[in-house]
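# Examination of the molecular architecture
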Amino acid sequence: MLFDNQFFSNLLSTIIGTAGGAVLAYWFALRQFKKQMETEARKVCVDTALAFYQELSSHDFAQARSQANKILDPHLTASSLDDVWSSMSTEERRPVLTVLSYFRRLQLSIQYKRIDERMVLDLVSGEFFWWYFVWLDRLIPDDWETRRQIDKLDRWFHDNLSESEYERKKSDALSRLEKRLKKFQASQMVQHVNSQEKQS
């Protein structure tokens, strides 16, 4: 009887020890797996941010931005792309759509937590502010889906930069817009004077 009690007692402690060890091993494995998943997710987010920066600094995208600027320049005083979009050829629209697509994809990557946000603030904010305040905020019609995405991106930058940094970047972009408008108005005035002289 004593043998049976001792046997069952040993068996019970062995089972409890094994079960406890298994639970502990499972918990450590789960923790390790979670840590590994977080590391992989972080790497994906960093890689995505670097890919966006690489695209931003690529020759092709630099060309698209330059062409979009040249195409939009004559419409600097337009109140909306709706005023001029239908008169643009597919070739003229392409670089503008390339820029819009870039910022829209960036916004979706942020929204779905697929990108390193700190890196976006460091690497892309300057370019976004320039495009947003010089062109996109003024020209993208309210009923375009792209408009909603671009505005979300602006709100995200507003919420994730300090107030002073956001205002400084916005002010820099608006100051560049003002210089561009003055230059545009001066060239319009010169063209007007030249056409008056030709007529007389």
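Our structure is the block above this text.
Because the structure is a prediction, the values reported are computed rather than measured.

## Quick notes on the overall build of the chain
Counting secondary structure elements, the chain contains eight helices and zero strands. Put simply, the chain has 200 residues, and 32% of those count as buried. The long-range share in the chain, meaning contacts at least 24 apart out of those at least 6 apart in sequence, stands at 78%. A total accessible area of about 13200 Å² is found for the chain, and carbon and sulfur atoms account for 56% of it.

## Let's talk about the packing of helix α2 (residues 59-72) against helix α4 (residues 90-111)
The interhelical angle for the contact between α2 and α4, taken along N-to-C directions, is 120°, at an axis separation of 8 Å. With respect to α4, the axis of α2 lies oblique. Here α2 runs over α4; the crossing is left-handed. Taken together, the residues of α4 that come into contact with α2 (itself represented by Phe61, Ala64, Arg65, Gln67, Ala68, Ile71 and Leu72) are Glu92, Pro95, Val96, Thr98, Val99 and Tyr102. In the contact of α2 with α4, the residues fall into nine nonpolar, two polar and two charged.

## Quick word on the pattern of salt bridges
For the coordinates displayed, the defined rule picks out 14 salt bridges. Between aspartate 116 and arginine 42 there is a salt bridge, with the nearest N and O atoms lying 2.0 Å from each other. A residue pair is termed long-range when its members are at least 10 positions apart, and aspartate 116 in the loop between α4 and α5 (117-123) and arginine 42 in helix α1 (residues 2-56) qualify at 74 residues. Given a relative accessible area of 10%, aspartate 116 falls into the buried group. Judged by its relative accessible area of 48%, arginine 42 falls in the partly exposed class. Each of Arg104, Glu145 and Arg148 takes part in one network of salt bridges that share partners.

## Things to note about unusual backbone geometry
Most peptide bonds take the trans form, and the phi angle of most residues other than glycine is negative. Phi at lysine 113 is positive, roughly 55°, even though this residue is not glycine. Tracing the backbone shows lysine 113 in the loop between α4 and α5.

## So, the side chain of serine 80
Note on placement: serine 80 falls in the loop between α2 and α3 (82-85). Engagement of the side chain of serine 80 in a polar contact is seen with the backbone nitrogen of aspartate 82, the distance being 3.0 Å.

## Here's the deal with the nonpolar core
By size, the foremost hydrophobic cluster in this structure holds 47 residues, and its most contacted members are Leu81, Phe103, Leu106, Trp131, Trp135, Leu136 and Phe157. Sorting the residues of this core by element identifies α1, α2, α3, α4, α5, α6 (125-139), α7 (145-160) and α8 (163-199) as the ones contributing at least two each. Beyond its immediate chain neighbours, meaning those up to four positions away, leucine 106 contacts Phe52, Ile115, Val120, Val124 and Leu153.

## With respect to the packing of α4 against α7
Here α4 crosses α7 at 55°, and the two axes come no closer than 9 Å. By the angle class used here, α4 and α7 are oblique. α4 and α7 meet at a crossing whose hand is left-handed. Between α4 and α7, the residues in contact are Leu100, Phe103, Arg104, Leu106, Gln107, Leu108, Ile110 and Gln111 and Glu145, Thr146, Gln149, Ile150, Lys152, Leu153 and Trp156, respectively. Per-class residue counts for the contact of α4 with α7 are eight nonpolar, four polar and three charged.

About the cut-offs
Residues numbered from 1 in each chain as written. Predicted model: local features only at pLDDT ≥ 70, side-chain atom pairs only at ≥ 80, totals over all residues. Heavy atoms only, no water. Helix = DSSP H or I, 4+ residues; strand = E, 2+ residues; numbered from the N terminus. Buried < 20%, exposed > 50% of the residue type's maximum accessible area, 1.4 Å probe, protein only. Contact = heavy atoms within 4.5 Å. Areas by Shrake-Rupley, 256 points an atom, 1.4 Å probe, with all protein chains shown as cover. Axes fitted to C-alpha atoms, helices over the stretch in contact; angles between N-to-C directions. Parallel < 35°, antiparallel > 145°, perpendicular 65-115°, else oblique. Left-handed = near helix turned anticlockwise from the far one by under 90°. Nonpolar A, V, L, I, M, F, W, Y, C, P; charged D, E, K, R; others polar. Salt bridge = Lys/Arg side-chain N within 4 Å of Asp/Glu carboxyl O. Polar contact = N/O pair within 3.5 Å; in protein donor to acceptor, adjacent residues only side chain to side chain. Core = buried A, V, L, I, M, F, W, Y, C linked by side-chain atoms within 4.5 Å.

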